[in-house]
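An overview of the molecular structure
Each chain, written out:
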Amino acid sequence: ASSAKGFGDAMLARRLLGNARSLCARRWMGSQILDMEPEGVVEEAGTPAVPLESRPWSPDSRRCGVVAVKCGMMSLWDKWGVRRPITVLWIDECQVTQTKTEEKHGFNSLQVGAGSKKKKQVPTALLGHYAKHQVPIKRKLAEFQVTRDALLPEGTEITAAHFVAGQHVDVTGITIGKGFQGPMKRHGFKGLPATHGVSKAHRSHGSTGQCQDPGKVFKGKKMAGQMGKDRRTVQNVMVYQVDPSRNLLYVVGQVPGHKGNFVLVKDAIRKIWEGEHLRLNPPFPTYIPKLEDELSIDVADVGPDPYEAAIG
């Protein structure tokens, strides 16, 4: 019994020593990553350098999107006095954090990040990712597939001037969660009759199955359940106004998500081209600031007076 107890104590001491060594190693690795500071652009092996320059559009071109913060809704009146419901989106220090090329990864895409975080709020592996690509710590990361001519170098900042007033965008976000809801609220069912034999089941969905064959409820059946908190995309949202000095986008209509949530904004896949011509001419691959440029608010052209058109 004494020998078995001594063997157990030795194994416990050995395990504790191994845990202590691994903890010290992890702390040392974390301290080394935290002490790393950007000292210029370091190119990965096999990844070609991507120059930052303006390029012409092509019919197959697809630009990078941005990560924005939903600030809320307001109303604006255009030059004809028509009230327009507006959602304000704030582009908070959106930068390219990683460039993926077809030669190394098998596809072309750009990873972008927005916002900021403290070092203590980020896992060590993610800290190493930011240090490796020489970019500051971001709060939200997203990835957009692009064409080869739309690749950007790591560290490039994407501002509100990436878009122009009047163009259309697709906005993706997480809808507001509504909890467990019944079929009338969740799917728009009319419910059961108010009288004629219905007892305390006026808002229920009724029968959900068939007979002994098939003897089950099919997947996807519209029933009561969790509503909201889904990833949804609103397509063809018009950019009414662009404020590049404050990095604000004013888009017409609603956008999924709570105030303060992150949303993804990219060119509308259905309305960027009109036949063989661009509807508008957004900067490609992104807006490159120049000293002589003046940051002014860009408002969309809403067309002729709708009242005169209605009378005519």
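See the structure printed just above.
Numbering of residues starts from 1 in every chain and runs along the sequence as written. Per-residue local features are limited, in this predicted model, to residues with pLDDT of at least 70; the limit for side-chain atom pairs, both in listing and counting, is 80 or more; totals at the level of whole chains, interfaces and linings are taken over all residues. In computing side-chain properties, one takes all heavy atoms of the structure into account and sets aside hydrogens as well as water.

1. Things to note about the pairing of strand β3 (residues 95-100)
Heads up, the condition is: Accessibility here uses a 1.4 Å probe with only protein chains present; expressed as a share of the type maximum, an area under 20% marks a residue as buried, one over 50% as exposed, and anything in between as partly exposed. Strands are runs of DSSP state E lasting at least two residues, helices are runs of H or I lasting at least four, and both sets are numbered from the N terminus onward. A pair of strands counts as paired when DSSP detects no fewer than two bridges linking them.
Among the six residues in β3, six count as buried, and that is most of the element. Here β3 runs beside strand β4 (residues 109-114); their pairing, made up of five bridges, is antiparallel. Looking across to β4, one finds that V96 is bridged to V112.

2. With respect to the nonpolar core
Rules: As used in this record, nonpolar core signifies buried Ala, Val, Leu, Ile, Met, Phe, Trp, Tyr and Cys residues forming a set joined through side-chain atoms within 4.5 Å. Contact between two residues is taken to exist if any of their heavy atoms lie within 4.5 Å; hydrogens are not considered.
Counting 38 residues, the largest nonpolar core has V112, L249 and V265 as the members making the most contacts within it. When residues of this core are traced back to their parent elements, those giving at least two are β1 (66-77), β4, β5 (140-145), β6 (168-174), β9 (231-243), β10 (248-252) and β11 (262-267). Discounting residues that sit within four places of it in the chain, L249 has contacts with T87, V88, L89, I91, A160, F163, V239, Q241, V242 and V265.

3. As for the state of the cysteines
Note the following rule: By convention in this document, the label disulfide applies to cysteine sulfur atom pairs within 2.5 Å.
Enumeration over the complete set of coordinates arrives at zero disulfides. Take C94: it sits in no disulfide, and the sulfur closest to it among the cysteines is that of C64, at 6.8 Å.

4. Structural notes on the packing of aromatic side chains
Selection criterion: Any two rings among Phe, Tyr and Trp, with Trp reduced to its six-membered ring, count as a pair given centres within 6.5 Å; such a pair is stacked if its planes are under 30 degrees apart, edge-to-face if over 60, and tilted if neither.
Under the defined criterion, the tally for this structure stands at two aromatic pairs. Ring centres of W57 and F284 lie 4.7 Å apart, and the angle between their planes is 45°; on these two criteria the pair is classed as tilted. Of this pair, W57 sits in the loop between α1 (2-34) and β1 while F284 sits in the loop between β13 (277-278) and β14 (298-299), and the two are 227 residues apart along the sequence. In terms of burial, W57 and F284 fall into one category: buried. Of the aromatic side chains, those joined through ring pairs into one cluster are W57, W273 and F284.

Functional significance is not addressed by these values, which are geometric in nature.
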